[in-house]
Amino acid sequence: MIIGLPSLSFWMLIGVPTIILIIMFVDCWRIMTGRKK
Amino acid sequence: MSAHTLGIWIFFVYLVVIVVLGLVASRFQETEADFWVAGRRFGLGIMIIANMAAIMHGGAILSGVAFAGKFGGVAILPYISFVGGSAVIFYLFAKKLRQSGGFTIPDYMGDRFDSRGLRAWSALVVAVSSIIYLIAQLKGMAFILESLLGFDFITSLAIGTVIFVAYVTMGGLLAVVWTNVAQFLFMWVGLFILVPYVYDAVGGWTSVLQKVESVAPGWTSPTGVAWSASYMVSWYLIWFVAYSTRIELVTKMYAARDDKIARVSVPIAIGLILVFLLYGNFYLGAAARVLVWDQIASPDQAFPMLVNQLLTPALAALALTGIASAAMSTTDSLLLMSGSAIAHDLLRRCHDEPKGIQRDERHYLTISRISIVFVGVIAFICSIPDFDLILKIVSYAIAIVGSAFFFPLLVGMTSKRVSREAALVSSIGGTLVTCVWIAGSIAKAPWAGSVHPGIVGLAVAGILMLAVAMFTRPVKHDAIEKYFPEAS
């Protein structure tokens with residue numbers, strides 16, 4: 001049990017979108033610095 | 001001063017602020033582009049706020065706390081759908097939409113598939129779905145003002161409609177976004193007041209989730225206390241499509257200063273919304289389930305009850321009025337979209353321009369404003385009777401928009417092969433099947449109950465697009481050049 005959330009699948013429901021979001025943030029940085037068209 | 005009087009004063013200050021913002025924004029309106037896409041002047045900060053306002057509002061707190069409190073874990077449902085939908089806009093739609101230089105989704109449909117029929121059909125879908133949504137939003141706003149400020153229903157409805165129509169008519173998208181900033185400030189003040197009091201009553205994340213699990217076993221599981229896994233997955237899918245085709249959000253891409261800003265604004269806005277949902281819906285929903293659930297008659301009362309129980313009367317009035325003020329920040333976007341579908345897409349692009357009728361920008365600015373007032377009057381009149389049917393249809397409106405636009409947007413942005421006929425048949429066929437399925441669901445027909453209308457409509461739209469594209473010729477190259485500039 002991690003900070004009160006009892007199931008691993010619950011964490012995946014938060015974790016998977018968070019990872020996709022982080023990938024998008026990295027691409028945002030690449031767009032703003034001109035490294036990605 | 002009583003708490004009720006204080007609430008009314010705060011609401012009055014809010015009304016004055018947004019009308020003044022509308023007046024100031026009206027000074028910047030010279031052309032149709034100024035009105036519908038704010039002259040494409042938005043920088044990153046304002047784009048992030050505009051995107052957030054397209055999705056979240058004060059009503060999202062009230063209904064979100066009710067939903068999370070009642071069902072539990074599935075309230076985390078929007079996460080995957082929001083992020084998936086925003087990834088589609090970020091990677092596939094934003095850049096091409098901004099570079100295409102249009103104003104609306106019907107502009108995209110008409111230009112990309114070189115079809116006046118598709119433009120008119122899309123304008124019809126946008127206008128009808130936005131007006132239906134608008135009716136539900138106006139009714140919702142009137143109920144909130146009625147219950148929180150003590151006005152009667154018709155007075156609340158009239159105040160809300162007149163104010164929204166007034167500032168949108170004056171200032172167009174610029175007024176919408178400026179007032180969204182004001183609404184955000186009111187809403188966040190309301191939410192932040194609550195933080196120390198809720199923390200004091202239920203503790204942090206670990207504590208509140210352990211407590212809620214003990215009073216409602218299963219609350220912290222992904223499916224919550226009432227949903228099945230298959231029902232949950234079908235909703236993930238529907239909301240994913242709904243968010244990648246959310247017209248309020250997709251249309252904002254046209255208003256960015258350049259395509260980089262349009263793209264980058266999407267994930268940042270979604271990230272902030274997810275943080276908001278964790279606190280504003282999930283944490284407060286759990287707290288409401290622990291603290292007030294056995295004292296309320298319906299889940300909609302959860303948030304007001306939580307506030308009234310934890311705060312002093314004056315602070316409760318401040319918090320609730322702040323959130324009620326921001327209750328309907330998507331209403332103005334809906335007014336703007338249905339107005340643009342009538343004035344820009346139907347009158348200018350489908351009627352005047354094909355007939356060679358030349359008019360100046362002042363004329364179209366006036367037409368745009370008249371169309372907003374027209375939509376406002378229709379929505380107001382339709383909000384007065386107690387139409388249960390409209391509220392039922394609203395719950396399916398995302399399915400109609402999704403089946404009309406998802407495949408034409410997705411395939412049209414990624415493949416040059418798709419034909420005008422394929423887009424037309426897919427969009428109309430998918431929408432009609434969705435409408436038939438919705439009618440079946442509302443009439444409780446046995447065949448319609450097993451699967452969500454949006455899933456059926458999307459499946460039909462996808463199959464039709466594939467089948468028709470195989471036997472028809474792609475749109476000619478010069479029409480699609482602005483969407484595929486690398487090929488020229």
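Residues numbered from 1 in each chain as written. Chains lettered and ligands numbered in written order. Predicted model: local features only at pLDDT ≥ 70, side-chain atom pairs only at ≥ 80, totals over all residues.

**A closer look at the overall build of chain B**
On a plain count of helices and strands, chain B comes out with 20 helices and zero strands. Here the C-alpha atoms of chain B give a radius of gyration of 22 Å, agreeing with the 23 Å that 2.2 N^0.38 yields for 488 residues. Based on the C-alpha atoms only, the size of chain B along its principal axes is roughly 65 × 50 × 40 Å. Classification of the 488 residues of chain B by burial places 57% in the buried group. Within chain B, counting contacts between residues at least 6 apart in sequence, those at least 24 apart form 84% of the total. (Helix = DSSP H or I, 4+ residues; strand = E, 2+ residues; numbered from the N terminus. Rg over C-alpha atoms; globule rule 2.2 N^0.38 Å. Buried ≥ 20, exposed ≤ 12 C-beta atoms within 10 Å, placed from the backbone. Contact = placed C-beta atoms within 7 Å.)

**Quick word on the overall build of chain A**
On a plain count of helices and strands, chain A comes out with one helix and zero strands. Relative to its full complement of 37 residues, chain A shows a buried share of 14%.

**Some words on the nonpolar core**
Residues and elements named next belong to chain B. In this structure, Leu 173, Ala 287 and Leu 306 are the most contacted members of the largest nonpolar core, which totals 175 residues. Per-element accounting of this core gives the leading share, 18 residues, to helix H7 (residues 116-149). The two domains that each donate at least three residues to this core are domain 1 (3-385) and domain 2 (387-488). With near-sequence residues (within four places) excluded, Leu 173 lies in contact with Phe 35, Trp 36, Val 37, Ala 38, Ala 255 and Leu 336. (Core = buried A, V, L, I, M, F, W, Y, C linked by C-beta atoms within 7 Å. Domains from an automatic or database assignment.)

**Focus: the packing of helix H8 (residues 153-202) of chain B against helix H14 (residues 313-325) of chain B**
All names here are of chain B. Interaxial distance between H8 and H14 falls to 7 Å at its minimum, and their mutual angle equals 145°. H8 and H14 meet at a crossing whose hand is left-handed. Contacts between H8 and H14 pair Gln 183, Phe 186, Met 187, Val 189, Gly 190, Ile 193 and Leu 194 from the former with Leu 315, Leu 318, Ala 319, Leu 320, Gly 322, Ile 323 and Ser 325 from the latter. Of the residues assigned to the contact of H8 with H14, the class counts are 10 nonpolar, four polar and no charged. (Axes fitted to C-alpha atoms, helices over the stretch in contact; angles between N-to-C directions. Left-handed = near helix turned anticlockwise from the far one by under 90°. Nonpolar A, V, L, I, M, F, W, Y, C, P; charged D, E, K, R; others polar.)

**Remarks on helix H18 (residues 420-442) of chain B**
For H18(B), spanning 23 residues, the distance from its first C-alpha to its last is 33 Å, which sits close to the expected 33 Å at 1.5 Å a residue. Burial in H18(B) covers these residues: B:Arg420, B:Ala422, B:Ala423, B:Leu424, B:Ser426, B:Ser427, B:Gly430, B:Thr431, B:Thr434, B:Trp437 and B:Ile438. (Expected span 1.5 Å × (residues − 1).)

**Quick word on the domain arrangement of chain B**
Residue and element names in this part refer to chain B. For chain B, the domain assignment lists domain 1 (3-385) and domain 2 (387-488). Put simply, the middle of domain 1 and the middle of domain 2, counted by C-alpha atoms, are 24 Å apart. With 29 residues of domain 1 at the interface, the matching set in domain 2 holds 36 residues. Looking at the side of domain 1 that touches domain 2, the elements that each hand over two or more residues are helix H5 (78-100), helix H6 (105-112), H7 and helix H10 (229-244). Tallied by class, residues from the side of domain 1 that touches domain 2 come to 18 nonpolar, eight polar and three charged.

**Re unusual backbone geometry**
Residues and elements named next belong to chain B. In this model, Arg 40 sits at a positive phi of 50°, which is unusual for a non-glycine residue. Position of Arg 40 relative to the elements: it lies in the loop between helix H2 (32-37) and helix H3 (44-55). Overall, the presence of 16 C-beta atoms within 10 Å leaves Arg 40 in the partly exposed class. Of note, the phi angle at Asp 114 is positive, near 50°, even though the residue is not glycine. Among the secondary structure elements, Asp 114 is positioned in the loop between H6 and H7.

**Comments concerning the packing of H10(B) against helix H19 (residues 453-471) of chain B**
Residue and element names in this part refer to chain B. Viewed as axis vectors pointing N to C, H10 and H19 meet at an angle of 60°, and their least axial separation amounts to 9 Å. Put simply, H10 runs oblique to H19. The hand of the H10/H19 crossing is left-handed. Side by side, H10 and H19 meet where Ser 234, Leu 237, Ile 238 and Val 241 of the first sit next to Gly 454, Ile 455 and Leu 458 of the second. Residue composition of the contact of H10 with H19, by class: five nonpolar, two polar and no charged. (Parallel < 35°, antiparallel > 145°, perpendicular 65-115°, else oblique.)

**Details of the interface of chain B and chain A**
Between chain B and chain A, the residue contacts involve 22 residues of the former and 18 residues of the latter. At the level of secondary structure, the elements contributing two or more residues to the side of chain B that touches chain A comprise H5, helix H9 (205-215) and helix H12 (259-291) of chain B. Here the side of chain B that touches chain A takes seven residues from H12(B), the largest share from any one element. Taken together, the residues that form the side of chain B that touches chain A break down as 13 nonpolar, six polar and three charged.

**Some details on the confidence of the model for chain B**
Across chain B, the average pLDDT comes to 88, with 97% of residues at 70 or higher. In the predicted assembly, ipTM is 0.88 and pTM is 0.90. (pLDDT = per-residue confidence, 0-100.)

**Regarding H19(B)**
For H19(B), spanning 19 residues, the distance from its first C-alpha to its last is 28 Å, which sits close to the expected 27 Å at 1.5 Å a residue. Here H19(B) has its buried residues at B:Pro453, B:Gly454, B:Val456, B:Gly457, B:Leu458, B:Ala461, B:Leu464, B:Met465 and B:Ala469.

**Considerations on the environment of B:Gly322**
Residue and element names in this part refer to chain B. Mapped onto the secondary structure, Gly 322 falls in helix H14. When the 24 C-beta atoms within 10 Å are taken as the criterion, Gly 322 is described as buried. Expressed as a C-alpha distance, the spacing of Gly 322 and Phe 28, which sit 294 residues apart in the sequence, is 28 Å. Sequence-distant contacts of Gly 322, defined by excluding residues within four places in its chain, comprise Ile 10, Phe 186, Met 187, Val 189 and Gly 190.

**Quick word on the environment of B:Arg246**
Looking at where B:Arg246 falls in the secondary structure, it is placed in the loop between H10 and helix H11 (247-252). Note: C-alpha distance between B:Arg246 and B:Phe192 (54 residues apart in sequence) is 28 Å.

**Considerations on the environment of A:Val16**
Relative to the assigned elements, A:Val16 resides in helix H1 (residues 8-32). Each C-alpha atom of the pair A:Val16 and A:Lys37 lies 26 Å from the other, and the pair is 21 residues apart in sequence.

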